[in-house]
Amino acid sequence: MATESGDNKLKLYSYWRSSCAFRVRIALNLKGIKYEYKAVNLLKGEQSDPDFLKLNPVGFVPVLVDGDFVISDSYAIIMYLEDKFTQRPFLPPDLQKRTINFQVAHIVFSNIQPLQNIGVLNYIAEKVSPDEKLPWVQSVIRKGFTAIEKLLKGHTGRYATGDEIFLADVFLAPQLHAATRFNVDMAEFPILARLREAYNEVPAIREASPENQPDAPPQGT
Ligand SMILES: N[C@@H](CCC(=O)N[C@@H](CS)C(=O)NCC(=O)O)C(=O)O
């Protein structure tokens, strides 16, 4: 749903490989909202450019700009989209299922992703050893997935909490994609392994995937 031309007022500052931006791209696609894609190259440090810091002083993607309103956190952006565009809700009506959705999202966005962020990995590489980056990321993902696997038991349908894609899925799909990239053994996580396959079949998720973004390097490079 990304547009190159800016014919819509929503602008998403994104990086193809960012799992946080991936969440927002899924949310926009599910709601059927067109947006303009603004690439921020994290490897070149563009998140620290003065102009970008004016949008998000903390220097992270994603940032969503809606007219003159700027939102700079994936969870805040997704909840903003949820409230502003009421079609295709991200939260189920059942209270327990809603709460499970919140818990899964929070485990991903506070207990896993911040610990695998570029800044943390660069710090480990510099202060400890480059060889410690991968075991660190794998341990962080494994710990979070262990909790999520337990949490979802007895609540799943086709997706995390039923037969529709909800908030938990919006956060899980990018984290599962990252787990593949970091070579996490999914044998211990049968529910999550199954969900990963199911997400691959969802057009809104496929279109939002890193490899399908305008700033992704050509495949095979
Ligand atoms: N809580 C923020 C976290 C954003 C974040 O960590 N973004 C990462 C990419 S997933 C980033 O921009 N990293 C750049 C860096 O560490 O310099 C959110 O959910 O949007």
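Remember, predicted model here, so these are calculated numbers, not experimental data. (Residues numbered from 1 in each chain as written. Predicted model: local features only at pLDDT ≥ 70, side-chain atom pairs only at ≥ 80, totals over all residues. Heavy atoms only, no water.)

What about the domain arrangement of the protein?
Working step 1: Under the domain assignment used here, the protein contains domain 1 (12-88) and domain 2 (95-206).
Working step 2: Distance between the C-alpha centres of domain 1 and domain 2: 20 Å.
Working step 3: Each partner contributes to the roughly 1600 Å² buried at the junction of domain 1 and domain 2, and carbon and sulfur atoms together form 71% of this total.
Working step 4: Per-residue buried area on domain 1 facing domain 2 is highest for Phe22, Arg23 and Tyr75; these three make up 37% of the total on that side.
Working step 5: Taken together, the connections running from domain 1 to domain 2 amount to zero salt bridges.
Working step 6: Secondary structure elements with two or more residues in the side of domain 1 that touches domain 2: α1 (19-31) and α3 (74-84). (Domains from an automatic or database assignment. Buried area = accessible area lost by both parts, 1.4 Å probe. Salt bridge = Lys/Arg side-chain N within 4 Å of Asp/Glu carboxyl O. Helix = DSSP H or I, 4+ residues; strand = E, 2+ residues; numbered from the N terminus.)

As for the pattern of salt bridges
Working step 1: By the definition in use, this model includes six salt bridges.
Working step 2: Taking the shortest distance from any N to any O, the salt bridge between Lys54 and Asp51 comes out at 3.4 Å. Residue Lys54 and its partner Asp51 are located together in helix α2 (residues 50-55), separated by three residues, close to a single helical turn.
Working step 3: Overall, Lys54 belongs to the exposed group, its relative accessible area being 69%.
Working step 4: Overall, Asp51 belongs to the exposed group, its relative accessible area being 56%.
Working step 5: Linking Asp66 and Lys84 is a salt bridge whose minimum nitrogen-to-oxygen distance equals 2.7 Å. Here the residue Asp66 occupies a position in strand β4 (residues 63-66), and Lys84 occupies one in helix α3, the gap between them amounting to 18 residues. (Buried < 20%, exposed > 50% of the residue type's maximum accessible area, 1.4 Å probe, protein only.)

Structural notes on the pairing of strand β3 (residues 35-39)
Remember that side chains alternate between the two faces of the sheet whenever the strand is regular.
Working step 1: Both strand β2 (residues 10-14) and β3 contribute to a ladder of four bridges, which runs parallel. For Leu12, the partnering residue across the bridge sits in β3 and is Tyr37.
Working step 2: This β-α-β element, β2 to α1 to β3, shows right-handed connectivity. (Pairing = 2+ DSSP bridges. Right-handed = clockwise from strand over helix to strand, strands pointing away.)

Topic: the pairing of β4
Working step 1: Here β4 shows two buried faces, one formed by Val63 and Val65 and the other by Leu64 and Asp66.
Working step 2: In terms of strand pairing, β2 meets β4 through four bridges, oriented antiparallel. By the bridge assignment, Leu10 is partnered in β4 with Asp66.
Working step 3: Pairing geometry for β4 and strand β5 (residues 69-71), over three bridges, is antiparallel. Note that in β5 the partner of Val65 across the bridge is Val70.

Brief notes about the site of the ligand
Working step 1: Around the ligand sit 15 residues, and of these Cys20, Gln47, Val61, Asp73 and Ser74 come closest.
Working step 2: Arg23 places a polar side-chain atom, nitrogen or oxygen, 3.3 Å from an oxygen atom of the ligand.
Working step 3: The separation between an oxygen atom of the ligand and a polar side-chain atom of Asn117 is 2.9 Å.
Working step 4: Those elements that place two or more of their residues in the shell around the ligand are α1 and α5 (118-127).
Working step 5: It is α1 that provides the largest number of residues to the shell around the ligand, a total of three residues.
Working step 6: Across the shell around the ligand, the residue classes break down as six nonpolar, seven polar and two charged.
Working step 7: Counting only domains with at least three residues in the shell around the ligand, you end up with domain 1 (12-88) and domain 2 (95-206). (Near = heavy atom within 4 Å. Polar contact = N/O pair within 3.5 Å; in protein donor to acceptor, adjacent residues only side chain to side chain. Nonpolar A, V, L, I, M, F, W, Y, C, P; charged D, E, K, R; others polar.)

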